[in-house]
Amino acid sequence: MDEKRKIKKSKFDYRLVICIGIAIVVIYLIVSTFLHINSIGQYKKTIPYDSAWTYDNGMIVDLDNLKVGEELVIRKKVRGDEISDHMLCFYSKNIYFSVYVDDELIYAFRPNAPSFIGKAYGIFPHAVNLPVRTGDGVIRFEITNIYDDKAGFIREMTLDNGGQFLIELMQDSTMDFLLCLLVFTFGAVLFVVGVIGRYFSEERYEIISLGTFAMVASLWVSSETPIFSLLTGAPVAVHFIDYISLDLLSLPGIIFVASVTRSWKKPVIISFAALTAAKIIFSVISTACGGWDYHELLIVTHILLAIAVIVIIIFVARGLVMRRMRSGLVIALFITLLFSLAMGVIDIIRYMTMQDEYSKASFYRYALFLFILVCGIYEFFRISEMSRRGRYAEIMEELAYEDGLTGLMNRMAFNREIEEASELKSDCTLIMLDMNDLKRVNDELGHDMGDKYISRIAEMMKQAFCHGEKCFRIGGDEFFVMALYGNSDPRFEESLNRMTEQVEDFNRSPDCKVPLGIAYGHAEYVPGEKDIEEQIRLADQKMYEMKAEMKLQYNPG
C-alpha cells in the first residue's frame with residue numbers, strides 16, 4: 001500500500017512539473033514578444049507638427065487650450081513634399097472635427113451615438129492619411145466643441161511616415177488592456193464558480209461579489225486604455241462604459257466586505273444599491289434629455305464612492321472588533337490597503353504636477369488589481385477547502401443513509417424519503433418485499449451465505465427496478481421500493497416480472513443451495529386522498545398474505 005501511494009504521488013508531481021514548465025514557456029514567449037515589439041521604436045521617425053496653426057483671424061492656436069465656443073476653424077500652410085505619404089497623428093478630447101486639405105475632405109470624426117450614451121469620449125487617438133501633393137496647400141480643421149463652456153484639445157500632433165504612432169499607442173496600452181482582460185476572466189471564473197458551485201452556503205455571496213467586483217473594476221480600467229476604443233471603434237460608447245462601471249464599482253465591493261466581515265446590514269446594502277440605481281437612472285435620463293451629462297454628474301459619483309469607503313471602513317472595523325474576520329483575509333486586506341494608500345498618495349502628487357496626464361499616470365489601478373488578485377487567490381483556496389469539506393460531508397451523509405451490506409438505502413433513508421413523499425403531488429406505488437427462509441439458509445449454509453442471499457436480492461432489485469425507483473433495505477430480510485408512478489403504469493408490471501424471472505433463474509442455477517423465495521405486497525399512494533403510512537401498512541399486510549400463501553404452497557401439509 002505504501003509503495004502504491006509513493007507511485008501515485010510521483011505521478012502527481014510529474015504532471016505538476018509538466019504544467020509548470022508549459023506555463024513558464026508560455027510566459028516567456030509572451031514577454032519576449034513584447035520586448036521584440038518594443039525594439040521597433042528605435043526606427044521611428046516622427047516630426048512634431050503642433051506649431052504654426054492659426055485661427056481665421058490670424059491668431060496663433062494653442063492646441064492644448066482651444067478657444068471656448070461651439071464652432072472653431074484652425075488652419076496651417078503646408079508644403080506638398082512635407083506631407084506627402086505621411087499620417088497626421090494626434091490625440092483629441094471632447095471635440096468633433098473635420099480635416100480638409102485645401103477644400104478636399106480627408107477625415108471626419110463625428111461619432112453618431114444614441115442620445116442616452118452622451119457626447120463625450122475622453123481622449124481618443126487619430127491617424128489621418130494625408131494625400132500626395134506636388135505643391136503647397138492648407139490643412140484646415142473645422143472643430144465643434146462638445147461643451148459650449150469648456151473647450152476640448154488636440155495634443156501630441158506629429159507627422160508619421162509609417163504608422164509608428166499607432167504602434168507606440170498599442171505598446172503603451174496593450175499590457176494594461178491584457179491585464180484588464182486577465183482580471184475580467186479571473187472575475188468571471190469566480191462568478192461562475194460561486195453561482196454553480198456546491199457546498200458554499202452563505203460563502204457563495206462572498207465569491208460572487210468578488211467576481212463581480214473584479215469584472216466591473218477591469219471594465220472601468222480598460223475603458224481608460226486607448227486600445228479599447230480603437231478595437232471597438234466606438235469611443236463615445238466606451239466612455240459611457242467608463243462612467244457606468246465607475247458608478248457600479250462600489251456596490252459589489254460593499255457586498256464583498258460585508259460578506260467577509262459577517263456584517264450583513266441588509267438596510268445599508270439595499271439603501272446603497274437603491275442610491276446607485278437612482279444615480280444611474282437619473283444620469284441616463286438627464287443625458288438623454290440634454291440636461292446634465294455623465295461628466296457633470298461625476299461629483300455625485302464621487303460622493304457615492306466616499307460613502308462606500310466609509311461603509312467599508314465601518315464593516316471592517318466591526319469585523320475586527322467582533323472577531324468575525326478570518327486571519328488570512330485580515331492580512332490580505334491590510335496588505336492591499338497599505339499598498340492602495342501608497343498608490344493613492346503617489347497619484348495625488350502626480351495629478352498635482354501633471355494635471356491632465358493623471359489618467360495615464362495613475363497607479364491606483366494596480367493597487368485595485370492587487371487587491372483583486374490577493375483576495376481572489378485567497379478565495380480560490382477557500383473554494384478548494386469548502387469543496388473538500390463539502391464532499392467529505394456528502395460522503396459521510398451518503399454512508400449514513402446507505403446499507404453497508406447491499407448498497408441500497410437504509411432504514412434512516414427510508415424514514416426521510418417517506419416524510420418527503422408525503423408532500424408529493426403525484427401518485428406513487430409502495431412495494432414491500434421480504435425474503436422467505438432466511439433462517440433456513442443461515443442454519444444450513446451459515447450466516448455468510450445468508451448475507452450473500454440478501455446481497456443477491458439487492459442486485460436483483462437494482463436490475464428489476466430500473467426506472468428511477470428508490471430501493472431500500474429496511475431490516476434483516478425486509479426490503480422496500482418506492483416507485484414514482486401509479487400501479488397501473490406498465491413499468492410496475494414490467495419491473496415485477498423482471499424480478500420474478502431473476503428469482504427463477506437463480507433457483508435453476510448451480511449457486512442455489514436453498515430455493516429463493518420473495519414475497520411482496522404493494523399499495524398505491526394518492527396525495528390528498530390517502531395517508532402514506534396507512535398505505536405502507538397495507539402493502540406490508542399484502543406482503544404477509546403472499547408470504548403465507550407461499551408457505552402453504554411449498555409445505556401443503
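Caption draft 1: View of the packing of aromatic side chains. Summed over the entire model, instances satisfying the criterion amount to 18 aromatic pairs. For the pair Trp 53 and Phe 141, a centre-to-centre distance of 5.3 Å together with 85° between the ring planes defines the contact as edge-to-face. Of this pair, Trp 53 sits in the loop between β1 (46-48) and β2 (54-55) while Phe 141 sits in strand β8 (residues 137-145), placing them 88 residues apart in sequence. Overall, Trp 53 belongs to the buried group, its relative accessible area being 1%. When its relative accessible area of 0% is taken as the criterion, Phe 141 is described as buried. Here the aromatic rings of Phe 472 and Phe 480 are separated by 6.0 Å at their centres, their planes lie at 50°, and the arrangement is tilted. The two residues Phe 472 and Phe 480 agree in class, both being buried. Among the aromatic residues, ring-to-ring pairing joins Trp 53, Phe 90, Tyr 96, Phe 97, Tyr 107, Phe 109, Tyr 121, Phe 124 and Phe 141 into one connected group.

Caption draft 2: Broad picture of the sheet that holds β1. A sheet is described by the order of its strands in space; here 4 strands give the open sequence β1-β9-β4-β7, paired in antiparallel fashion. Where the open sheet ends on each side, the last strands, each with one partner, are β1 and β7 (123-129). Taken pair by pair, the neighbouring strands of this sheet meet at an average axis angle of 25°, ignoring direction. As paired elements, β1 and strand β9 (residues 153-160) share 3 bridges and run antiparallel to each other. Bridge pairing links Thr 46 to Asp 160 in β9.

Caption draft 3: Geometry of a nonpolar patch on the surface. Nonpolar side chains collect at one region of the surface, where Leu 275, Ile 299, Val 300, Ile 303 and Ile 307 lie side by side and expose about 410 Å² of accessible area between them. Assignment of secondary structure puts Ile 303 in helix α9 (residues 298-321). A relative accessible area of 48% means that Ile 303 is categorised as partly exposed.

Caption draft 4: Structural detail: the pairing of strand β12 (residues 478-483). Within β12, 5 of the 6 residues are buried, which leaves it mostly tucked inside the rest of the structure. Bridge count for strand β10 (residues 428-436) against β12 is 6 bridges, and the pairing is antiparallel. Its bridge partner lying in β12, Thr 429 is registered against Ala 483. Hairpin connection, strand β11 (residues 470-473) to β12: the antiparallel pair is bridged by 4 residues.

Caption draft 5: Geometry of the layout of surface pockets. Considering only enclosed or pocket space, the second largest pocket measures out at about 440 Å³ in volume. If you go around the second largest pocket, you meet 21 residues; those closest to its centre are Lys 119, Ile 146, Tyr 147, Gly 290 and Asp 293. Elements with a minimum of two residues in the lining of the second largest pocket: β8 and α8 (266-288). Residues belonging to the lining of the second largest pocket are distributed by class as follows: 7 nonpolar, 8 polar and 6 charged.

Caption draft 6: Representation of the sheet that holds strand β3 (residues 71-78) within the structure. Strand order in this open sheet of 5 strands is β2-β3-β8-β5-β6, and the pairing throughout is antiparallel. Looking along the sheet, the strands with just one partner apiece sit at the ends: β2 and β6 (104-109). Both β3 and β8 contribute to a ladder of 8 bridges, which runs antiparallel. In the strand pairing of β8, Val 78 is matched with Gly 137.

Caption draft 7: Structural context of the pairing of β6. Where strand β5 (residues 95-101) meets β6, 5 bridges bridge the pair, whose relative direction is antiparallel. The residue bridging Val 99 from the neighbouring strand is Tyr 107, located in β6. Counting the residues between successive antiparallel strands, the hairpin from β5 to β6 contains 2 residues, one of them, Asp 102, with a positive phi of roughly 60°.

Caption draft 8: Local environment of helix α14 (residues 438-445). What α14 keeps buried is the set Leu 438, Val 441 and Asn 442. End-on view of α14: buried residues confined to an arc of 95°, all on one side of the axis. Across from the buried face of α14, at angles greater than 90 degrees, the exposed residues are Lys 439, Asp 443 and Glu 444. Against the buried residues of α14 lie β10 and α15 (447-464). Of the residues trailing α14, Gly 446 is marked for its positive phi of about 100°.

Caption draft 9: The arrangement of the environment of Ala 277 in detail. Within the secondary structure, Ala 277 sits in helix α8. Classification of Ala 277 as partly exposed rests on a relative accessible area of 36%. Along the backbone, Ala 277 and Asp 247 are 30 residues apart, and their C-alpha atoms lie at a distance of 8.8 Å.

Caption draft 10: View of empty space enclosed by the protein. This model, assessed by the stated rule, comprises 3 cavities of 30 Å³ or more. Estimated volume of the largest cavity: approximately 60 Å³. Lining the largest cavity are Ile 117, Gly 118, Lys 119, Ala 120, Tyr 147, Val 236, His 239, Phe 240, Tyr 243, Asp 293 and Tyr 294. For the lining of the largest cavity, the residue count by class is 7 nonpolar, 2 polar and 2 charged.

Caption draft 11: Local environment of unusual backbone geometry. We note that Asp 102 has phi near 60°; this positive angle belongs to a residue other than glycine. For Asp 102, the position within the fold is in the loop between β5 and β6. Backbone geometry at Asp 437 places phi at a positive 65°, although glycine is not the residue there. Note on placement: Asp 437 falls in the loop between β10 and α14.

Caption draft 12: Looking closely at the nonpolar core. The biggest cluster of nonpolar side chains holds 71 residues, and the ones touching the most others in it are Ile 139 and Phe 141. Residue contributions to this core peak at 8 residues, all from helix α4 (residues 203-222). If we ignore the near neighbours within four places in the chain, the residues touching Phe 141 are Trp 53, Leu 72, Val 73, Ile 74, Leu 88, Phe 90, Phe 97, Ser 98, Val 99, Ile 154 and Met 157. Formed by 28 residues, the second largest nonpolar core is a distinct cluster that contains Ile 431, Val 441, Met 461 and Val 503.

Caption draft 13: Structural context of the pattern of salt bridges. Under the defined criterion, the tally for this structure stands at 15 salt bridges. A salt bridge links Asp 505 to Arg 508; the shortest N-O distance between them is 2.6 Å. Separated by 3 residues within a single helix, Asp 505 and Arg 508 lie in helix α16 (residues 490-508), roughly one turn from each other. What emerges from the salt-bridge pattern is a single network uniting Asp 103, Arg 140 and Glu 142.

Caption draft 14: Region of interest: the environment of Cys 375. Mapped onto the fold, Cys 375 is located in helix α12 (residues 364-400). On the basis of relative accessible area, Cys 375 is assigned to the buried category, the value being 0%.

Reading the values: the criteria
- Residues numbered from 1 in each chain as written.
- Predicted model: local features only at pLDDT ≥ 70, side-chain atom pairs only at ≥ 80, totals over all residues.
- Heavy atoms only, no water.
- Phe/Tyr/Trp six-rings, centres within 6.5 Å; stacked < 30°, edge-to-face > 60°.
- Helix = DSSP H or I, 4+ residues; strand = E, 2+ residues; numbered from the N terminus.
- Buried < 20%, exposed > 50% of the residue type's maximum accessible area, 1.4 Å probe, protein only.
- Pairing = 2+ DSSP bridges.
- Axes fitted to C-alpha atoms, helices over the stretch in contact; angles between N-to-C directions.
- Patch = residues over 30% accessible without salt bridge, like charges linked within 9 Å, V, L, I, M, F, W, Y side chains within 5 Å.
- Areas by Shrake-Rupley, 256 points an atom, 1.4 Å probe, with all protein chains shown as cover.
- Salt bridge = Lys/Arg side-chain N within 4 Å of Asp/Glu carboxyl O.
- 1 Å grid on protein atoms, 1.4 Å probe; cavity = no way out; pocket = protein on both sides within 12 Å on 5 of 7 lines; lining within 4 Å.
- Points joined across faces, edges and corners; volume = space filled by probe spheres on them.
- Nonpolar A, V, L, I, M, F, W, Y, C, P; charged D, E, K, R; others polar.
- Arc of directions from axis to C-beta.
- Contact = heavy atoms within 4.5 Å.
- Core = buried A, V, L, I, M, F, W, Y, C linked by side-chain atoms within 4.5 Å.

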